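Structural overview
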Amino acid sequence: MTYKTYKEEDLLQLSALQHLLFCRRQCALIHIEQAWSENLFTAEGRIMHDRVDTATHETRRNIRTEFGVPLRSLRLGLIGKADVVEFHRQGDVWRPFPVEYKRGKPKHDNCDRVQLCAQAICLEEMMSVEIERGALFYGSIRRREDVVFDRALRVETETTAERVHDLINSGITPEPDYSRKCRSCSLVRLCMPDICGKKRKASRYLAGISGE
Ligand code: SF4
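Not measured: the values here are computed from a predicted model. (Residues numbered from 1 in each chain as written. Predicted model: local features only at pLDDT ≥ 70, side-chain atom pairs only at ≥ 80, totals over all residues. Heavy atoms only, no water.)

Focus: the nonpolar core
One broad trend across soluble globular proteins is that nonpolar side chains are buried collectively. One finds Leu17, Leu78, Phe149 and Val164 to be the most contacted residues of the largest nonpolar core, which totals 32 residues. When contributions to this core are tallied by element, the ones reaching two or more residues are helix H1 (15-22), helix H2 (24-31), strand E3 (63-73), strand E4 (78-90), helix H4 (111-127), strand E6 (133-138) and helix H5 (151-170). Looking at this core element by element, the count peaks at 8 residues for H4. When residues no more than four places from it in sequence are discounted, the contact partners of Leu78 are Leu11, Leu12, Gln13, Leu14, Leu17, Leu71, Arg72, Ser73, Ala118 and Ala161. (Core = buried A, V, L, I, M, F, W, Y, C linked by side-chain atoms within 4.5 Å. Buried < 20%, exposed > 50% of the residue type's maximum accessible area, 1.4 Å probe, protein only. Helix = DSSP H or I, 4+ residues; strand = E, 2+ residues; numbered from the N terminus. Contact = heavy atoms within 4.5 Å.)

If you want it as structure tokens, here you go:
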């Protein structure tokens, strides 16, 4: 099978996948307009990631753990960093096993699994290996969940990467659409979805009654 490959200068941040799956407007605000705002959720997440980042590596029995591992995939067009990559010894081979740290609890959607799968695809491309699974560690329940990188998850990850490239290349930030997730969004003050959304609905209504 032949895959599309991106050039170095076209690589985007791997974290954009998760931003896009959370909200297209949030993804555009961060990656097109370079807006960033820290709230309690992102601050806790950042502190957790910083803690993970302070060590570089350790080895215990048959697991070697590397922290803050640089990632890149020309196939997905992404660049980033893995919190943790464990290398599990199987005979003479050390198999990579990415682990991503999240502050909250497991989500109903696939965004965390897609981000982890993208990390696995980066590692596969960089190390010419196949990676079958990884894990997500959730801070609020202090437990990790195994994630299998099956065909469906890989397709969803590749599709999401393409959507991120399309959105960012368009240079157009989508209009806000107020919903429950806005309450936990770090950009809610910048985005003002309740005000902008209402204004937009009102202008559409006025345009409708004036026949524009
Ligand atoms: S506040 Fe809501 S609409 Fe605005 S970026 Fe965040 S999630 Fe998206």
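Remarks on the packing of H2 against H5
Between H2 and H5, the shortest axis-to-axis distance is 10 Å and the interhelical angle comes to 60°. Here H2 is positioned oblique relative to H5, judged by the angle of their axes. For the element pair H2 and H5, the recorded crossing hand is right-handed. In this structure, H2 uses Arg24, Cys27, Ala28 and His31 to contact H5, whose residues at the interface are Arg163, Leu167 and Ile168. Split by residue class, the contact of H2 with H5 holds 4 nonpolar, 1 polar and 2 charged. (Axes fitted to C-alpha atoms, helices over the stretch in contact; angles between N-to-C directions. Parallel < 35°, antiparallel > 145°, perpendicular 65-115°, else oblique. Left-handed = near helix turned anticlockwise from the far one by under 90°. Nonpolar A, V, L, I, M, F, W, Y, C, P; charged D, E, K, R; others polar.)

Points about the site of the ligand
By nearness alone, every residue bordering the ligand is listed as Phe22, Cys23, Gln26, Asp177, Cys182, Cys185, Val188, Cys191 and Pro193. Class assignment for the residues of the shell around the ligand results in 7 nonpolar, 1 polar and 1 charged. In terms of domain composition, the shell around the ligand takes at least three residues from each of domain 1 (8-174) and domain 2 (175-212). (Near = heavy atom within 4 Å. Domains from an automatic or database assignment.)

As for the pairing of strand E2 (residues 57-60)
Relative to E3, E2 is paired through 4 bridges, and the arrangement is antiparallel. Counterpart to Glu58 in the pairing with E3 is Thr65. In textbook terms, the turn of a hairpin is the stretch between consecutive antiparallel strands, and for E2 and E3 this stretch comprises 2 residues, one of which, Arg61, has a positive phi near 45°. (Pairing = 2+ DSSP bridges.)

Concerning the environment of Glu58
By secondary structure assignment, the location of Glu58 is in strand E2. The class for Glu58 is partly exposed, based on a relative accessible area of 33%. Put simply, Glu58 and Glu86 are 28 residues apart on the chain and 9.5 Å apart in space, counted from C-alpha to C-alpha. Leave out the neighbours within four places in its chain, and Glu58 touches Ile63, Arg64, Thr65 and Phe67.

Quick notes on the side chain of Arg25
Looking at the element boundaries, Arg25 is found in helix H2. One buried charged residue, Arg25, remains without a salt bridge, the closest side chain of opposite sign being Glu175 at 5.3 Å. Once residues lying within four places of it in the same chain are set aside, the contact partners of Arg25 are Thr173, Pro174, Glu175, Pro176 and Cys191. (Lys, Arg positive; Asp, Glu negative; His and termini not counted. Salt bridge = Lys/Arg side-chain N within 4 Å of Asp/Glu carboxyl O.)

What to know about the pattern of salt bridges
Evaluation of the coordinates by the stated rule reveals 9 salt bridges. In this structure, Arg133 and Asp146 form a salt bridge, with 3.8 Å as the shortest nitrogen-oxygen distance. Residue Arg133 is located in strand E6, and its partner Asp146 is located in strand E7 (residues 143-148); the two are separated by 13 residues in the primary sequence. Judged by its relative accessible area of 47%, Asp146 is partly exposed. Connected through salt bridges with shared partners, the residues Glu100, Lys102, Lys107 and Asp112 form a single ionic network.

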